[in-house]
Amino acid sequence: MKIEYIEFNVLGDNRGSLIALEEENEVPFQIKRVYYIFDTQVNVKRGLHAHKELEQLMICINGSCKLSLDDGQTKLEILLDTPSKGIRIRKMIWHEMYEFSQDCILMVLADDFYSESDYIRNYLEFQKAYEMKRDSN
Ligand code: T46
């Protein structure tokens, strides 16, 4: 598994910085939903699931947190601490976010509306789905 970073162009002038995100440009899909996670309590882990179909782009627009990505075979850990870089999270990647700084704001752009039926929240179920996909290839 490779980490898919997307570096954004930082615009701005002597007043400060600005980043613009356009669908199918900086964002590699059509954006149907934006949500953001903030005020996360100390020692809390979030995520702990994979999506069956959803594709997302995660950007830490303030503060920092860690993200682990697991494709069923490999697990990687990333520090998110800049608003100028996004991480693409494709479907069927188990992801967990943790070690949130108090001021962390994690913004996520998604290619579909919210649907609980798209979540796999059980790790064993995720592994089974990964093995079935691997064996059918
Ligand atoms: C993900 C990671 C990165 C909604 O009603 N609409 C929404 O669009 C979302 C994202 C959540 N919700 C509800 C569902 C739960 O009752 O908000 C509550 C918290 O959601 P959840 O426990 O899934 O939050 P996280 O931080 O564990 O996961 C979220 C996203 O749900 C998920 O898609 O990939 O952030």
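What counts, and where the lines are drawn
Residues numbered from 1 in each chain as written. Predicted model: local features only at pLDDT ≥ 70, side-chain atom pairs only at ≥ 80, totals over all residues. Heavy atoms only, no water. Helix = DSSP H or I, 4+ residues; strand = E, 2+ residues; numbered from the N terminus. Rg over C-alpha atoms; globule rule 2.2 N^0.38 Å. Buried < 20%, exposed > 50% of the residue type's maximum accessible area, 1.4 Å probe, protein only. Contact = heavy atoms within 4.5 Å. Areas by Shrake-Rupley, 256 points an atom, 1.4 Å probe, with all protein chains shown as cover. Near = heavy atom within 4 Å. Polar contact = N/O pair within 3.5 Å; in protein donor to acceptor, adjacent residues only side chain to side chain. Nonpolar A, V, L, I, M, F, W, Y, C, P; charged D, E, K, R; others polar.

1. What to know about the overall build of the protein chain
- Looking only at helices and strands, the protein chain has one helix and twelve strands in total.
- Its helices and strands in sequence order give the protein chain the pattern β-β-β-β-β-β-β-β-β-β-β-β-α, from N to C terminus.
- For the protein chain, the C-alpha radius of gyration of 16 Å lies close to 14 Å, the compact-globule estimate for 137 residues.
- Considered along the principal axes of its C-alpha atoms, the protein chain spans approximately 55 × 35 × 25 Å.
- Taking all 137 residues of the protein chain together, 37% fall into the buried category.
- Taking contacts inside the protein chain between residues at least 6 apart in sequence as the whole, the part at least 24 apart equals 76%.
- Total accessible area on the protein chain is roughly 8,500 Å²; 47% of this is exposed by carbon and sulfur atoms.

2. Section: unusual backbone geometry
- Phi at Met92 is positive, roughly 60 degrees, even though this residue is not glycine.
- Inspection of the secondary structure assignment puts Met92 in the loop between β9 (85-89) and β10 (94-98).
- For Met92, a relative accessible area of 15% corresponds to the buried category.
- Positive phi values are uncommon outside glycine, yet Glu99 reaches one of about 50 degrees.
- Topologically, Glu99 is positioned in the loop between β10 and β11 (105-110).
- Using a relative accessible area of 52% as the deciding quantity, one classes Glu99 as exposed.

3. A closer look at the site of the ligand
- In the region of the ligand, 14 residues are neighbours, and Arg33, His51, Gln56, His95 and Tyr119 sit closest.
- Measuring from an oxygen atom of the ligand, one finds a backbone N or O atom of Gly47 at 2.8 Å.
- One nitrogen or oxygen atom from the side chain of Arg121 is found 3.1 Å from an oxygen atom belonging to the ligand.
- Its free accessible area being 650 Å², the ligand has 67% of it covered by the protein chains.
- Of all the secondary structure elements, the ones that give two or more residues to the shell around the ligand are β4 (33-38), β5 (46-51), β6 (56-62) and β10.
- It is β5 that contributes the most residues to the shell around the ligand, four residues altogether.
- Considering only residue class, the shell around the ligand consists of six nonpolar, five polar and three charged.

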